[in-house]
Amino acid sequence: MSSDEDANDYFEYEDDGFEDDEMDQEAPVKKDYDVAYNVKTLSQVIDMQKKAIANIQTVLELDASTAAILLRHFGWNSEKLQEQFFNDPSKALTDAGLSPPSSPSAHTSPLLPPTASSSTPPRITRSSKRVATPATTRSRSAVSIQTSFECPVCCIEYPAASLSTKTLALGCGHRFCRDCWVEYVVGKIRTDGESAKIQCMENGCHRIVKGSLIDQLVDPDTSQRYRKLLNEAFVSDTATLRWCPHPGCENVIECSQAPPRMLNQIVPTVTCGCGNELCFGCGFAASHRPVLCKLVKLWQKKCADDSETANWLQANTKECIKCQSTIEKNGGCNHMTCKKCKWEFCWVCMGPWSEHGTAWYQCNRYDEKSGMDARDSQAKSRASLERYLHYFNRWANHELSAKLDADFYKNTEKKMEAMQQSGNLSWIEVQFAKQAVDTVIRARITLKWSYCMAFYLKRNNQTELFEDNQRDLERAVENLGYLLEQNPEPDSISKLRADITNQSAYVQKRHDILMDDTLKGYLERRWEFSVDI
Amino acid sequence: MVLSISSRRLMKELKEIETKGTPPGIQLLKADDMETWIFLISVLGDETVYKGETFALKLKFEPGYPIDYPQVTFLSDDQYQPPLHPHVYSNGHICASILGSEWSPVLTALSICITIQSMLASCKKKERPPGNDRYVRSAPLNPKLTRWAYEDDTV
Ligand SMILES: [Zn+2]
Ligand SMILES: [Zn+2]
Ligand SMILES: [Zn+2]
Ligand SMILES: [Zn+2]
Ligand SMILES: [Zn+2]
Ligand SMILES: [Zn+2]
């Protein structure tokens, strides 16, 4: 099992109604900032479409393909469609790329050309006498005079007798050969990933190729691909639906409480039926609470742009400032001890650890004033880069630490299992470590995002509280991380277990306080940002 | 040997150009094979910001033509330079909707030239697209591999 899968497992937690882990004691509480939602399977999503299509079919007395095209055009808003259709059926149909009701070809098979009849004897072609006109403007009038037909795409000539089998036109009358239609439609589906909006081949013609016709034209595999794309389009066109972004999961989340206009005050985190969390607002494949979607997007772009600068920061090694030997970070804890000279320091700020354990702890805060003073002589851009790097470094560090915590736990787990087997511990006694690691990882992810938030947060009298909450959680997490890295020995295990359990409960409490206050802060409009949200 | 669809179609287009000629300001410079054609394009009249300039437009046809649109770029060599235009990158790549989502298989090499010519004719200010340098630095050789979208500088 990869550590990524492991990390995903750790994301199951209580905010929703899907918690089934027997080790979790707390009943789910729905908070003001949470959203209600449903998890739908792929077949339920297909049923949703079928139902909507069947309903329109009955109400407007149309065939299924036509009803489907209308619904897709109106973004699956049945009421709006019915209203517009009753108002002006022709307009509704034409706008959606369909034949108006008066057109004789609207409800008949497009395979039959309006004028050519199979009883007409094939004539010698006259098209060779036609004066060549640019293909863009060439009219398809050749069809109405019963003569052979030259496909304007491939320039192959078809005798009149084969028109009904070898060529076809949609309701708009633009005729092309069947082979060109097939190549065109297959390319649209397989190369361009188009489905609901495949239009007539004629330049500027918006007539839609119906699903029933596509099924006649393409091979079964492409047809299946087409159906799949239609489902995808249905979900992306429906504002209240979103695919679960986790690999291999085909579920869809339905949520009506998180429209885009609400995303400046809520972070609609949901848990899919597959057990993984996602953000309904932006589709991020994990919780990014407490940061707003827009800020996450800005942050990711910034990190990508500055990745060259940032890469070296993510490196897993640093040099001891006392003896210059290379130190590798192998656990999630920021409390580092140089193996060679025993110098204890903080991984994040490289400052002496002795200053971190006590009340004086400055590792979460970038003191803008003193920082600016110190960098007085340097260019302003350098200062802003350093400010960014300060937050990025902490952001990236928590991500790295969460991964390392998970790896580290695997070793602990083995050791504990051994102790369990040798009879020193019961199964239930072994579980506390797993729970504590879950808590640490979850808190680190929240802390990680809190640094993204802090980067964009404008300083006002409310931000102090945010930074205090962040610092308290950070300190609690580092302490717990440190405890988790202690080697469990049979004679000290009960003390360690008590310490870890207590510290874990404290981390949980600090975590909930930070989350609660920050998310409520959006609703109460307490936060101001340096960018437009 | 059966003629491929793209060759058959291009031969027909070539024949039409030979019999009917090209619109003013458009001239077929090279069509030695059914793969690469080069047209010279200039904007006529006094109203244009490109007065007196001539550009070379290269069309590269693939077997999927005309169901699929050709690769279209402005030449950038000792003799010709791409026009300074908000939809033309300095490497000759062009951001135009008919060379993408608005392509129709009934359009021809000549209709591409006409569209590009009118795109130049409507230009009021000579400038490169925003993000030109960044695009050109990482652009693929084939402009069809670029997913054209409007520049978003808000992020
Ligand atoms: Zn054809
Ligand atoms: Zn049409
Ligand atoms: Zn899922
Ligand atoms: Zn989001
Ligand atoms: Zn050292
Ligand atoms: Zn520190």
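Owing to the predicted nature of the structure, the values given are computational and were not obtained by experimental measurement.

In terms of regular secondary structure, chain B is built from 3 helices and 4 strands. What you see in chain B, going N to C, is helices and strands ordered as α-β-β-β-β-α-α. Within chain B, buried positions represent 45% of all 155 residues. A sequence separation of at least 24 residues applies to 58% of the contacts in chain B between residues at least 6 apart.

All names here are of chain B. Inspection of the sheet shows strand S1 (residues 26–30) paired to strand S2 (residues 36–41) by 4 bridges, in the antiparallel sense. Each bridged residue has a counterpart across the sheet, and for Leu28 the counterpart in S2 is Phe39. Hairpin geometry of S1 and S2 is characterised by an intervening segment of 5 residues between the two adjacent antiparallel strands.

This part covers the coordination of the zinc ion (ligand 4). Residue and element names in this part refer to chain A. Within the first shell, the zinc ion (ligand 4) binds the protein through Cys279 (SG), Cys282 (SG), His288 (NE2) and Cys293 (SG), at distances of 2.0 to 2.3 Å. Site description for the zinc ion (ligand 4): donor spacing in sequence, C-x2-C-x5-H-x4-C. When sorted by exposure, Cys279 lands in the same class as His288, which is buried.

Glancing now at the pattern of salt bridges. In this structure the tally under the stated criterion is 30 salt bridges over all chains. Measuring nitrogen to oxygen at the nearest pair gives 2.4 Å for the salt bridge that ties Asp215 of chain A to Arg227 of chain A. Linking Asp215 of chain A in helix H8 (residues 211–217) with Arg227 of chain A in helix H9 (residues 220–237), this pair joins segments that are 12 residues apart in sequence. What makes Asp215 of chain A partly exposed here is its relative accessible area of 33%. Under the relative-accessibility criterion, Arg227 of chain A is labelled partly exposed at 36%. The partner of Glu13 of chain B in a salt bridge is Arg9 of chain B, with the nearest N and O atoms 2.8 Å apart. In this pair, Glu13 of chain B and Arg9 of chain B both sit in helix H1 (residues 5–20), 4 residues apart, roughly one turn of the helix. Beyond isolated ion pairs, a larger network of salt bridges with shared partners links Asp468, Arg471, Asp472 and Arg510 of chain A.

Residues and elements named next belong to chain A. At a closest axis distance of 10 Å, the pairing of helix H7 (residues 178–190) and H9 adopts a crossing angle of 50°. Regarding the angle of H7 to H9, the classification is oblique. Of the two elements, H7 crosses H9, and the hand of that crossing is left-handed. Of H9, the residues touching H7 (which contributes Val186, Ile189 and Arg190) are Asp221, Thr222, Arg225, Tyr226 and Leu229. Partitioned by chemical class, the residues of the contact of H7 with H9 number 4 nonpolar, 1 polar and 3 charged.

What counts as what
- In every chain, residue numbers begin from 1 and rise along the written sequence.
- Lettering for chains starts from A, numbering for ligands starts from 1, and both go in the order in which the items are written.
- Local features in this predicted model are restricted to residues whose pLDDT is 70 or higher, and side-chain atom pairs enter the listing and the counts only when it is 80 or higher, whereas totals over whole chains, interfaces and linings include all residues.
- Side-chain calculation: all heavy atoms of the structure are included, whereas hydrogens and water are not.
- Helix and strand assignments follow DSSP, with helices taken as H or I runs no shorter than four residues and strands as E runs no shorter than two, numbered in order from the N terminus.
- Whether a residue is buried, partly exposed or exposed follows from its accessible area with a 1.4 Å probe, protein chains only, as a fraction of its type maximum: under 20%, in between, or over 50%, in that order.
- Contacts between residues were defined by any pair of non-hydrogen atoms, one from each residue, lying within 4.5 Å.
- One bridge is not enough; two strands pair if DSSP finds at least two bridges between them.
- Keep in mind that water is not among the atoms, so a site may look incomplete; donors are the N, O and S atoms within 2.8 Å of the metal, or 3.2 Å for Na, K and Ca.
- By convention in these notes, a salt bridge is any Lys or Arg side-chain nitrogen within 4 Å of a carboxyl oxygen on Asp or Glu.
- All axes here are fitted lines through C-alpha atoms, helices being fitted over the stretch that makes contact, and every angle between N-to-C directions spans 0 to 180 degrees.
- Each angle is binned into one of four classes, with values under 35 degrees roughly parallel, values over 145 roughly antiparallel, values of 65 to 115 roughly perpendicular, and all other values oblique.
- The sense of a crossing depends on the near helix, which, turned anticlockwise from the far helix by less than a right angle, makes the crossing left-handed and, turned clockwise, makes it right-handed.
- Polar here means any residue other than Ala, Val, Leu, Ile, Met, Phe, Trp, Tyr, Cys and Pro, which are nonpolar, and Asp, Glu, Lys and Arg, which are charged; Gly is therefore polar.

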